[in-house]
Amino acid sequence: MGMTFGLLGPLAIDVDSAPQTPPRAAVLRGLLGALLLAEGERLSVGRLLELVWAEQADHVGRGAVHTGMSRLRTWLSRFGDASVVLDSDAQGYRLTTGPAAVDLARFRRLTADGDPAAALGLRRGPVLAGLERLNRADPLVTSVEDEVRAAALSLARTALADGTPRTAVPAVTALADEHPFDEPLHAVLLELMAADGRAAEALRRFQALRGRLSEELGIEPGEQVQKVFLALLSHGSHGSHGREGPGADLGPPRAPSQLPPDLPDFTGREEQVQAVLAALADGRVPVIAGMGGIGKTALAVHTAHRAAADYPDGRLYADLRGADETPADPARVLAGFLRALGADAREIPEALDERSALYRTLLADRRVLVLLDNAAGEQQVRPLLPSTPAHHDAGAGPRSAVLVTGRAPLTALPGAHLVDLAELDTGHAQTLLRRILGDRRVAAEPFGAAAIAELCGGMPLAVRIAGARLAARPRWTLTRLADLLRDERRRLDELAAGDLAVRTAFAVGCARLSEPTRRTFRLLGLLEAPDFAPWTAAALADVPPQEAERQLEELVDAQLLQDTGAQPHPRYRFHDLVRLYAREDAEAADDPAVRSAALERAFGAWLWLAEQAADQVPGPCLAPIHGDAPRHPLPSAVTAALLDDPTAWFDAEQPALNASARQAAALGMVAAAWDLAACQEKYCDVRGLYDDWRTTHLAVLEACRTAGDVRGTAVLTRGLIEVTTWTTPTDSTQTMVSLEGRARQLERMFEQVAEPRGTADALVLTAWSLVAQGRAREALDTAHQALDLATLHDHPGGRARAHQIIAVAHGETDLDRAIEHLTETLRLARSIGNTRFEATAIQFLGAAHGRAGRVELGCELLSRSLAMARSFQDRYVEAFSLLYLATLYAATGDDRARPTAEAALVIARRLDLGHHLAQALGILGELDLAAGEHAAAVAHLEESVLVWRARGWRSFLAGALRTLARAYEASGLTESAERVLEEARELSGTPGRGGAANGGTDALTHGC
């Protein structure tokens, strides 16, 4: 029978029907649970971090996932079940099992077969109950909980229809008890109890639910629960003659009730609903604003129905057609309202102000709710206000209220309270889709549903159209529609059903734009950047910055752009679907040459600023090498204001720069692409954005190679070597060894394009590899070549880097000479104003002085370096300063050694800094060993050895093996101690080509 797993309750594992104890480590249980929930789907490392570490994900490196998976694979292998396979590739990890090995698969098969009772019989409690490491807000978990809930509701409906309510009560009761605020679930439980003759118990449950909602959420039960409650009361009054029950026919209503029907599948927006209700209660005018298709009318109608009981004298409604070429005339709207309120048509005055006065008179002693939908502007709405909102006293008698929707915010209305509507989040978008299609169909394809919600951008209209198309095509899978929507050129075509179309909602907004603004709108749609600044729009449209700002604000007023709220410089973004519409508009209206020129101007403006900003950001002292892509200069005053703080400019622009570099590469504008990517290197280094650095460079590098751009290929290769050498994940192999070949190839590329400063940078990289391999003599020769070349071609940054690696190569063999070269490194760093490299030089000097016995001076220098790193948020330099400080603290018996090393370890894991990680683990292992904590020492040192193997740094690996041998010996593991000690001897005695193994570089080693 093999291994079986239970997810519908606490994690359960059986082998041949015999229960097994799950892994003891909480991380392993979390990883196992997440993989089983995915049912054979591959989960990326980033997704696993979010699932298992949740809020701690930012503090845990990707290496922790790799380590956890290795341990989980070992744990699973003990059971010998060949059908249970944990594999991995570049996309992530997945776990495959036998076809019926997981209770969730059996649950889904039973629900698909229409047997919810049997399916719920598999359930032992909440999904993976007690698994504290699992992120329960993740769709992987919530989708299963939703399926369980859907099964319970299905069982209840069947039981009520069959007249067997008792069969469903236990399962629904258990689920309702676990979800104390789930009103639909409690409503159906009340129905089951009433049908089972347990009306008194049902009433007690209603009172308990009402008390919880009131005390903890401050709300009353919703309409569904209230209806069941009224039915319960009605059931209790059946024997009383001559009295009207709650369902009695009271005849036609005496008050107008014009609200459109509420949407039965209205989803989410509870925060906005409460904001509207609160504004109404406070006598203000809630104004629901937002782009077309965002759900303004749905929210207004739903909220009006929620508030209807507070307005017994009637509910008025009017569509003001604000997006039409000819909006509704308020005088005609008033005529309709007056007739609905009982005015004789013959007595309705002609003048607008007289109609408005009569309208307010008729409402003076009534409580009527007026919904003014799709308003054009304040002038249209003012005559339709029941009265002027003022400081309203709740006890001042009857009062009517008004609720307004419109694309523009209409904040100039008296008493206006803006409710600005944004997209639905992914969870609520999926819920809306489920309410349209039904629980079973969505539960069968949770990943397809999630993809549709994402591709619709959370726009309710788009989700509703997608749901309508699927409902009309029961044989279509959700995945099929998601695949159609992924094609950006077809997406708007696919989002049309019947009289609903996303394109129409956007066209209405565009129709009222001035022509210059519409031109800017469609050109902005060409950009791939997630957001942009006014100066970007100015460059793109080739208009003055002030004109661009005016146009952007016109687009915001038309709800075609969104202000991100960035300060102090404003930024704007598109909804994804609006961007597609704008791009379609540009492709229809503008020639390809016009579109290409606009993008060239935008990329040129980004490059103009990025090049200047990069010169002022501290970072690696690489030679600044640029291409010949055209720049688009901005006015000097604009440039000065933007680059007042260059790092802050990069903070705002970096996502846009990444997107623009990729887009330029895809369009064949290769020179702009690689220059945009390279300009970000120093910023990404200081901020620790290594993933962005790697992925953008790789994408653009491919375009450079295809285009035969050797200069761009060389510059990006240099950047990639820089980032991958020092931030390589721990599961790679021999990083420092492979560096030699990569650096020598880079040297040839720079020689081919006659860039001697680039050649000097390549020689420094080669020297680092030689040092790591123990080839100190060759390293010194190569570093001096780099120094000569950098000196000859006026590359002070290259000279500083050359002096640094020369100092490292001397190591412990000649500390005085090392300190001499580091002093020159510091002088050069200061002369070029590179505070980041200055902090690095001070850090190295501190380590060298500490190694030379000048501990106090060493600590002082390292503390200064640490403060500098923290001042510009450089986590890389911060981690190394902490490591060197921890080493000195440990050597002097200072209690600060352990917390300092642990702080470095946190940074190393979070940023995947292999060198830092291995060194921090080694320090902690030494401290454990000194404290007699032998098991902890072995754990720390074994991981340190593992990382040093991947790094390919001989002297460090040899030192870590020697320390591990001591820990094994102290733990009584004599054979293991001898084995690793022999390996350390071989490493120290086999130096490699060209010189003796350097055992002292660990005192001074740092990234390039």
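These numbers come from a predicted model, not from an experiment. The residue count restarts for each chain, going from 1 along the sequence in the order it is written. For this predicted model, a pLDDT threshold of at least 70 governs which residues receive local features, and a threshold of 80 or more governs which side-chain atom pairs are given and counted, while totals over whole chains, interfaces and linings are taken from all residues. Only hydrogens and water are removed before side-chain values are computed, so all heavy atoms of the structure are retained for them.

(A) Region of the structure containing the overall build of the chain. Counting from the N terminus, the helices are DSSP H or I runs at least four residues long and the strands are E runs at least two residues long. Within the chain one finds 46 helices and 14 strands. Dimensions along the principal axes, computed over C-alpha positions, put the chain at roughly 110 × 75 × 55 Å. The contact rule is simple, with two residues in contact once any of their heavy atoms fall within 4.5 Å. Residue pairs at least 24 apart in sequence account for 70% of intrachain contacts in the chain once pairs closer than 6 positions are excluded. Only the protein chains shown count as cover for residues, and the accessible areas themselves come from Shrake-Rupley with a 1.4 Å probe. For the chain, the exposed surface amounts to about 42100 Å²; the carbon and sulfur share of it is 51%. Of the side-chain charges in the chain, 105 are positive and 132 negative, and the distance between the mean point of each set is 2 Å. All tallies of charge rest on Lys and Arg as positive and Asp and Glu as negative; His and the ends of each chain are not included. Working definition for charges: the position is that of NZ of Lys, CZ of Arg, CG of Asp or CD of Glu.

(B) Quick look at the environment of Ala-666. For Ala-666, the location among the structural elements is in helix H29 (residues 646-666). C-alpha separation for the pair Ala-666 and Ala-703, spaced 37 residues apart in sequence, amounts to 7.4 Å.

(C) View of the side chain of Glu-943. You can see Glu-943 is positioned in helix H44 (residues 934-951). Aside from chain neighbours lying at most four places away, what touches Glu-943 is Thr-67, Arg-909, Leu-917 and Leu-921.

(D) Focus on unusual backbone geometry. Its identity is not glycine, yet Asp-16 carries a phi of approximately 55 degrees, on the positive side. Mapping Asp-16 onto the fold places it in the loop between strand E2 (12-15) and strand E3 (18-20). Even without glycine at this site, Ala-754 takes up a positive phi of about 55 degrees. Relative accessible area serves as the criterion here: at 58%, Ala-754 is assigned to the exposed category. Between buried and exposed lies partly exposed: a residue is buried under 20% and exposed over 50% of the maximum accessible area for its type, with that area taken using a 1.4 Å probe on protein chains only.

(E) Looking closely at the pattern of salt bridges. The term salt bridge refers to a pairing of a side-chain nitrogen on Lys or Arg with a carboxyl oxygen on Asp or Glu at a separation within 4 Å. By the definition in use, this model includes 52 salt bridges. In this structure, Asp-177 and Arg-205 form a salt bridge, with 3.2 Å as the shortest nitrogen-oxygen distance. Of this pair, Asp-177 sits in helix H7 (residues 169-178) while Arg-205 sits in helix H9 (residues 199-217), and the two are 28 residues apart along the sequence. We classify Arg-205 as partly exposed; its relative accessible area is 22%. A cluster of three or more residues bridged by salt bridges with shared partners is formed by Arg-166, Asp-196, Arg-198 and Glu-201.

(F) Representation of the environment of His-66 in the model. Mapped onto the elements of the fold, His-66 is located in helix H3 (residues 62-77). Residues His-66 and Thr-477 lie 411 residues apart in sequence; the distance between their C-alpha atoms is 34 Å.

(G) Just the packing of helix H42 (residues 897-911) against helix H43 (residues 914-930), in detail. Angles run from 0 to 180 degrees between N-to-C directions of axes, and those axes are lines fitted to C-alpha atoms, restricted for helices to the stretch in contact. Between H42 and H43, the least distance of the axes is 9 Å, while the angle of their chain directions is 150 degrees. Taken together, the axes of H42 and H43 lie roughly antiparallel to each other. Handedness of the crossing formed by H42 with H43: left-handed. Between H42, through Ala-897, Arg-898, Ala-901, Glu-902, Leu-905, Ala-908 and Arg-909, and H43, the contact on the second element is made entirely by His-916, Leu-917, Ala-920, Leu-921, Ile-923, Leu-924, Leu-927 and Asp-928. Angular relationships are summarised with four words: roughly parallel below 35 degrees, roughly antiparallel beyond 145, roughly perpendicular across 65 to 115, and oblique for the angles in between. Should the near helix be turned counterclockwise from the far one by less than a right angle, the crossing is left-handed, whereas a clockwise turn marks it as right-handed.

(H) The pairing of strand E8 (residues 369-375), seen in detail. Burial within E8 is extensive, with seven of its seven residues counted as buried. Criterion used throughout: strands pair if DSSP finds at least two bridges between them. With five bridges connecting them, strand E7 (residues 315-319) and E8 associate as parallel partners. Considered in E8, the bridge of Ala-318 is made with Leu-372. Of the strand pairs in this sheet, E8 and strand E9 (residues 401-406) are connected by five bridges, and their pairing is parallel. In the strand pairing of E9, Leu-372 is matched with Val-404.

(I) Expanded view of the nonpolar core. We call a set of buried Ala, Val, Leu, Ile, Met, Phe, Trp, Tyr and Cys residues a nonpolar core when their side-chain atoms join them within 4.5 Å. Counting residues in hydrophobic clusters, the biggest one holds 226 residues, and the most contacted among them are Ile-452, Val-502, Phe-506, Leu-524, Trp-606 and Trp-649. Grouped together as the second largest cluster of nonpolar side chains are 73 residues, Leu-95, Leu-128, Leu-140 and Val-228 included.

(J) Expanded view of the confidence of the model for the chain. On average, residues of the chain carry a pLDDT of 85, and 92% of them reach 70 or more. In predicted models, pLDDT denotes the confidence assigned by the predictor to each residue on a 0 to 100 scale. Considering each helix and strand of the chain separately, the mean pLDDT is smallest for helix H10 (residues 223-235), with a value of 68, and largest for helix H30 (residues 670-678), with 97. Within the model, pLDDT remains below 50 along residues 990-1003, and this stretch shows 42 contacts once partners closer than five positions in the same chain are excluded.

(K) Inspection of the sheet that holds E8 at higher detail. Across the sheet, five strands lie side by side as E7-E8-E9-E6-E10; this open sheet has parallel pairing. Looking at strand neighbours, the two that pair on one side only are E7 and strand E10 (416-420), the edges of this open sheet. The mean angle between the axes of side-by-side strands here comes to 15 degrees, regardless of whether they run parallel or antiparallel. Each of strand E6 (285-289), E8 and E9 is contacted by helix H12 (residues 296-307), which is oriented at about 165 degrees to E9, the strand it contacts most. Strands in contact with helix H13 (residues 330-340) are E7 and E8; relative to E7, the strand with the most contacts, it is inclined by about 160 degrees.

(L) How the structure looks around the packing of aromatic side chains. Each aromatic pair joins two rings of Phe, Tyr and Trp (for Trp, the six-membered one) with centres within 6.5 Å, and gets the label stacked for planes under 30 degrees apart, edge-to-face for over 60, and tilted for any other angle. This model, assessed by the stated rule, comprises 15 aromatic pairs. Centre to centre, the rings of Phe-521 and Tyr-581 are 6.5 Å apart; their planes meet at 45 degrees, and the pair counts as tilted. Of this pair, Phe-521 sits in helix H23 (residues 515-524) while Tyr-581 sits in helix H26 (residues 576-589); the two residues are 60 residues apart in sequence, bridging distant segments of the chain. Note on accessibility: Phe-521 and Tyr-581 belong to one class, buried.

(M) Geometry of the packing of helix H38 (residues 815-831) against helix H39 (residues 835-851). With their axes 8 Å apart at the nearest point, H38 and H39 run at an angle of 160 degrees to one another. The angle between the axes of H38 and H39 places the two elements in the roughly antiparallel class. For the pair H38 and H39, the sense of crossing is left-handed. In this structure, H38 contributes Leu-815, Ile-819, Leu-822, Thr-823, Thr-825, Leu-826, Ala-829 and Arg-830 to the contact, and H39 contributes Phe-837, Glu-838, Ala-841, Ile-842, Phe-844, Leu-845, Ala-848, His-849 and Arg-851.

(N) Region of the structure containing helix H24 (residues 534-541). With eight of eight residues buried, H24 is to be regarded as a mostly interior element. Residues Pro-534, Trp-535, Thr-536, Ala-537, Ala-538, Ala-539, Leu-540 and Ala-541 constitute the buried set of H24. Downstream of H24 by a residue or two, Asp-542 has a phi angle that is positive, lying close to 60 degrees.

(O) Examining the sheet that holds E3 more closely. A sheet is described by the order of its strands in space; here three strands give the open sequence E1-E2-E3, paired in antiparallel fashion. At either end of the open sheet lies a strand with only one pairing partner, and these are strand E1 (3-6) and E3. Along the sheet, successive strands turn relative to each other by an average axial angle of 30 degrees, direction set aside.

(P) Spatial organisation of a negative patch on the surface. A patch is a set of surface residues, each over 30% in relative accessible area and not in a salt bridge, joined within 9 Å for like charges and within 5 Å for the nonpolar side chains Val, Leu, Ile, Met, Phe, Trp and Tyr. Residues Glu-549, Glu-553, Asp-557 and Asp-563 make up a contiguous surface patch of negative charge. A total of three residues in the negative patch trace back to one element, the largest contributor, which is helix H25 (residues 545-557). Tracing the backbone through its elements, the reader meets Asp-563 in strand E13 (residues 562-563). Judged by its relative accessible area of 41%, Asp-563 falls in the partly exposed class.

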